[in-house]
Amino acid sequence: KLDLSFNSLKELPKQFSNLKALRILNVAGNKLTRLPKGFTTSASTLIELNLTKNEFSILNELAPLIELKRLFLDHNKFQALPVEIAYLPKLVQLTFSYNPLIQHIHDIIDPLSQYRKRVSHTQ
């Protein structure tokens with residue numbers, strides 16, 4: 001577990017790619033706009049990622065986080081739910097409040113639930 005919350009960080013160090021056994025990362029309350037390149041590939045063991053109260057407007061490269069169960073994205077600058085969330089097979093908790101969404105919530109949830117249904121029928 002690594003807790004770097006409320007440190008006014010503008011970016012995470014590139015050395016984060018060396019944290020291959022990290023299970024929980026809390027970087028809430030910083031000034032982050034993106035994750036380091038390649039971070040999600042090296043952090044494939046993460047089960048919880050807290051990005052609350054940052055300045056994210058996009059979030060990509062989530063697909064490698066196949067163990068992720070909890071994702072906290074509240075209080076950022078997202079106008080839409082990151083599409084790659086649909087590809088997180090073990091995700092059971094997602095928080096996304098206080099973002100300036102331009103999509104209606106049913107436009108977000110319906111495609112996710114349809115994707116999950118298709119995946120569960122093929123397994």
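Structure's up top.
Along each chain, residue indices are assigned from 1 in the same order as the chain's sequence is written. Where totals are concerned, whole chains, interfaces and linings use all residues; where local detail is concerned, this predicted model gives features only for residues with pLDDT of at least 70, and gives and counts side-chain atom pairs only at 80 or more. Only heavy atoms go into the side-chain values, all of them from the structure, while hydrogens and water stay out.

Draft legend 1. The packing of aromatic side chains, seen in detail. A pair of aromatic rings is counted whenever rings of Phe, Tyr or Trp (Trp by its six-membered ring) have centres within 6.5 Å, and the orientation is called stacked for planes under 30 degrees apart, edge-to-face for over 60 and tilted otherwise. In the structure shown here, the tally under the stated rule is one aromatic pair. When the ring of F78 is compared with that of F96, the centres are 5.5 Å apart and the planes differ by 35°; the resulting orientation is tilted. Pair noted here: F78 is in the loop between β4 (70-72) and β5 (93-95) and F96 is in the loop between β5 and α2 (105-122), with a separation of 18 residues, a long-range link. On the accessibility criterion, F78 (0% relative accessible area) is buried. Helix and strand labels come from DSSP, where a helix needs a run of H or I of at least four residues and a strand needs a run of E of at least two; each type is numbered from the N terminus. Under the scheme applied here, a residue whose accessible area is under 20% of the maximum for its type counts as buried, over 50% as exposed, and between as partly exposed, the area being computed with a 1.4 Å probe on protein chains only.

Draft legend 2. Local environment of the pattern of salt bridges. Just to be clear on terms, a salt bridge is a Lys or Arg side-chain nitrogen sitting within 4 Å of an Asp or Glu carboxyl oxygen. For the structure shown, the criterion picks out two salt bridges. For the salt bridge of E48 with R70, the shortest nitrogen-to-oxygen distance reads 2.7 Å. In this pair, E48 sits in strand β3 (residues 48-50) while R70 sits in strand β4, placing the two residues 22 residues apart along the sequence. Residue E48 is classed as buried on the basis of its relative accessible area of 18%. Here R70 falls in the partly exposed class, since its relative accessible area comes to 22%. Among the salt bridges present, the one from K90 reaches E67, with a minimum N-O distance of 2.9 Å. Of this pair, K90 sits in the loop between β4 and β5 while E67 is found in the loop between β3 and β4, placing the two residues 23 residues apart along the sequence.

Draft legend 3. Just the sheet that holds β5, in detail. If you walk across this open sheet you meet the five strands as β1-β2-β3-β4-β5, and the pairing is parallel. Looking at the sheet topology across the chains shown, the edges are occupied by β1 (2-3) and β5. Pairing between two strands requires that DSSP report at least two bridges joining them. Direction of pairing for β3 relative to β4: parallel, over a ladder of three bridges. Across the sheet, the residue bridging to E48 is R70, located in β4.

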